[in-house]
Amino acid sequence: MVKSDLLFVIATKNQGNTIERNVSLCLKQTFKGKIHVLIVDDKSTDGSDKIAIKLAKKNKNVEFVNTQGRGRVKGLNKAIKKANSKYLCLSAGDIFYKKDFVKTILSYFNNKSIAFVSPFSDTGGNATVWQTKIIQDLNGFDEDFNEKGTGFRDDTDLAFRAFDKGYKSVFTYKTAKFEHEHKLDIPTLKNKLKYGWSRLKIHRFDPLLYKKHPTRGIDFFDIKLGFIRNPKKDFAVATGLWKGNFDLSSPQGVVLVKGDTFVKKILIVLMGLAYVIAIKSVRLYGSIKYGKLLI
């Protein structure tokens, strides 16, 4: 692995329409240090891997790794072990960075106790920059949270482990100098249901996170009676109320039903209530699987 000041680790799968622009913008940062890009492809079927290989051949500051469908979390861990940089940015292949993203986000690392700076959430996520040594000392992500194609709650678990060791983080929207493009083919009812299910089923990892971090989990999930996630929070996530809107949507910004008419608002309320029941059922499955009750 080439030594650099900052390494972009791009975890991608079937993002052939965005990966080339993504890599180009990573390399065009105004930051004066050396930037390297490692593309981690999880067995794409849309030709993304071929595009990534081509980019790596054209530019010595780009490398490519294929995880052969072993899952995003395992792919990220492979990249973290290879990293030879001071800082490491966890990215997806559909994030478009503004020119001063790196320069801005690195300005928040004003002492050695800051493990990561995130424009995504206070527990990390996409576009989060870590001190490489710290994330390596933590042995990267817990692969218990791995699943083929994606992973969930792995970033929160990693952040909690960093906090347990006394490290701190910075979460500020001022660092959010990027665009996250979600061009999903969901115009039909069938595809909307398929997308909704894909978002629901990953919450089977919620009980696992609670099991590993029972004290922090109470506040993170807003748990009542020791095992019930506050249903108001689940409803707010499904209906966009958590961000001041009222649409049937996901935290990733995908809007399934826009609340622009009275009839649609009624539908959103009904679907939001159905979501609360469904997600608690998924968590019940996860509770049985991982041996920690959370619904």
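Undergrad: Help me out: how do you make sense of the packing of helix 10 (residues 231–239) against helix 11 (residues 262–290) in this one?
TA: Describing two packed helices takes the angle between their axes plus the distance from one axis to the other. Where helix 10 meets helix 11, the closest approach of the two axes is 9 Å, and the angle between their N-to-C directions is 120 degrees. Accordingly, the angle class assigned to the pair helix 10 and helix 11 is oblique. In the packing of helix 10 onto helix 11, the handedness of the crossing is right-handed. When helix 10 is examined against helix 11, the residues P231, D234, F235, V237, A238 and T239 are found in contact with a partner set consisting of I268, V269, G272, L273, Y275, V276, I279, K280 and R283.

Undergrad: Would you mind showing me how to read the packing of aromatic side chains here?
TA: For the structure on display, the rule yields 12 aromatic pairs. Aromatic side chains Y87 and F109 sit 4.8 Å apart centroid to centroid with 45 degrees between the ring planes, which places their arrangement in the tilted category. Of this pair, Y87 sits in strand 4 (residues 85–92) while F109 sits in the loop between helix 4 (101–106) and strand 6 (114–118), placing them 22 residues apart in sequence. Of the two residues examined, Y87 and F109, each falls in the buried class. With 5.7 Å between their ring centres and 90 degrees between their planes, F160 and F220 make a pair best called edge-to-face. With F160 in helix 6 (residues 154–164) and F220 in helix 9 (residues 214–221), this pair connects stretches of sequence that are 60 residues apart. Judged by relative accessible area, F220 falls into the partly exposed class, the value being 28%. Each member of the aromatic cluster is reached from another via a ring pair, and the members are F8, Y97, F101 and F178. When the ring centre of F96 is taken as origin, the NZ or CZ atom of R21, which lies over that ring, is 4.0 Å away. The ring centre of Y210 lies 4.7 Å from the NZ or CZ of K292, which sits over that ring.

Undergrad: Quick question: what am I supposed to make of helix 11 here?
TA: Residues spaced three or four apart along an α-helix point in a common direction, a consequence of the helix completing one turn every 3.6 residues. With 29 residues, helix 11 should cover 42 Å at 1.5 Å per step; its first-to-last C-alpha distance of 42 Å lies within 8% of that length. Here helix 11 has its buried residues at I268, G272, Y275, V276, I279, K280, V282, R283, G286, S287 and Y290. Summarising the contacts, the buried residues of helix 11 are in contact with helix 7 (189–201), helix 8 (206–212), strand 13 (228–229), helix 10, strand 14 (248–249) and strand 15 (255–257).

Undergrad: Please clarify how the pairing of strand 7 (residues 128–131) should be interpreted in this entry.
TA: Here strand 7 shows no split at all, with T128 and W130 on one side and V129 and Q131 on the other all buried. Examined bridge by bridge, strand 4 and strand 7 share four bridges and lie antiparallel to one another. Looking at strand 7, one finds that L90 is bridged to T128. By the bridge criterion, two bridges tie strand 6 to strand 7 in an arrangement that is antiparallel.

Undergrad: I'm lost on helix 2 (residues 48–58) in this one. Help?
TA: Here helix 2 has its buried residues at S48, D49, A52 and L55. The buried side chains of helix 2 occupy one side of the element, clustering within an arc of 120 degrees when seen end-on. In helix 2, those exposed residues whose orientation departs by more than 90 degrees from the buried face are K50, K54, K57 and K58.

Undergrad: Help me out: how do you make sense of the side chain of K280 in this one?
TA: Note on placement: K280 falls in helix 11. Here the side chain of K280 touches R229 through a polar contact of 2.7 Å, landing on its backbone oxygen. When sequence neighbours within four positions are dropped, the list of residues in contact with K280 reads I228, R229, P231, D234 and I295.

Undergrad: Please clarify how the pattern of salt bridges should be interpreted in this entry.
TA: Pairs can form between side chains of opposite charge once their charged atoms are near each other. A full pass over the atoms with the stated rule returns 15 salt bridges. As a salt-bridge pair, D144 and K212 come within 3.0 Å of each other at their nearest N and O atoms. Taken together, the residues span a long stretch of sequence, with D144 in the loop between helix 5 (132–137) and strand 8 (146–147) and K212 in helix 8 at a distance of 68 residues. The exposure class assigned to K212 is partly exposed, which follows from its relative accessible area of 32%. Where D260 meets K264, a salt bridge forms, and the shortest distance between an N and an O atom there is 3.3 Å. A relative accessible area of 33% places K264 in the partly exposed class. Here the residues in one salt-bridge network are R153, D206, R229, D234, K280 and R283, joined through shared partners.

Undergrad: Please explain the nonpolar core as it appears in this structure.
TA: It is characteristic of soluble globular proteins that their nonpolar side chains tend to be buried jointly. In terms of nonpolar packing, the biggest core is built from 28 residues, with F8, Y97, F101 and V129 touching the most fellow members. Put simply, the parts of the chain that give this core at least two residues each are strand 1 (4–12), helix 1 (19–27), strand 2 (35–41), helix 2, strand 4, strand 5 (95–97), helix 4 and strand 6. Ranked by the residues each element gives to this core, the list is headed by helix 4, at four residues. Other than its neighbours up to four places away in sequence, V129 contacts L6, Y87, L88, C89, F101, I105, L106, F109, A115, F116 and V117. Counting residues in each nonpolar core, the second largest holds 23 residues, with L38, V40, V65 and L90 among its members.

Undergrad: Explanation requested: a positive patch on the surface in the structure shown.
TA: Among the surface-exposed residues, R70, K78, K81 and K82 lie close enough to one another that they form a single positively charged patch. Tracing the chain through its elements places K78 in helix 3 (residues 72–82).

Parameters and conventions
Residues numbered from 1 in each chain as written. Predicted model: local features only at pLDDT ≥ 70, side-chain atom pairs only at ≥ 80, totals over all residues. Heavy atoms only, no water. Axes fitted to C-alpha atoms, helices over the stretch in contact; angles between N-to-C directions. Helix = DSSP H or I, 4+ residues; strand = E, 2+ residues; numbered from the N terminus. Parallel < 35°, antiparallel > 145°, perpendicular 65-115°, else oblique. Left-handed = near helix turned anticlockwise from the far one by under 90°. Contact = heavy atoms within 4.5 Å. Phe/Tyr/Trp six-rings, centres within 6.5 Å; stacked < 30°, edge-to-face > 60°. Buried < 20%, exposed > 50% of the residue type's maximum accessible area, 1.4 Å probe, protein only. Lys NZ or Arg CZ within 6 Å of the ring centre and 35° of its normal. Expected span 1.5 Å × (residues − 1). Pairing = 2+ DSSP bridges. Arc of directions from axis to C-beta. Polar contact = N/O pair within 3.5 Å; in protein donor to acceptor, adjacent residues only side chain to side chain. Salt bridge = Lys/Arg side-chain N within 4 Å of Asp/Glu carboxyl O. Core = buried A, V, L, I, M, F, W, Y, C linked by side-chain atoms within 4.5 Å. Patch = residues over 30% accessible without salt bridge, like charges linked within 9 Å, V, L, I, M, F, W, Y side chains within 5 Å. Areas by Shrake-Rupley, 256 points an atom, 1.4 Å probe, with all protein chains shown as cover. Lys, Arg positive; Asp, Glu negative; His and termini not counted. Charge placed at Lys NZ, Arg CZ, Asp CG, Glu CD.

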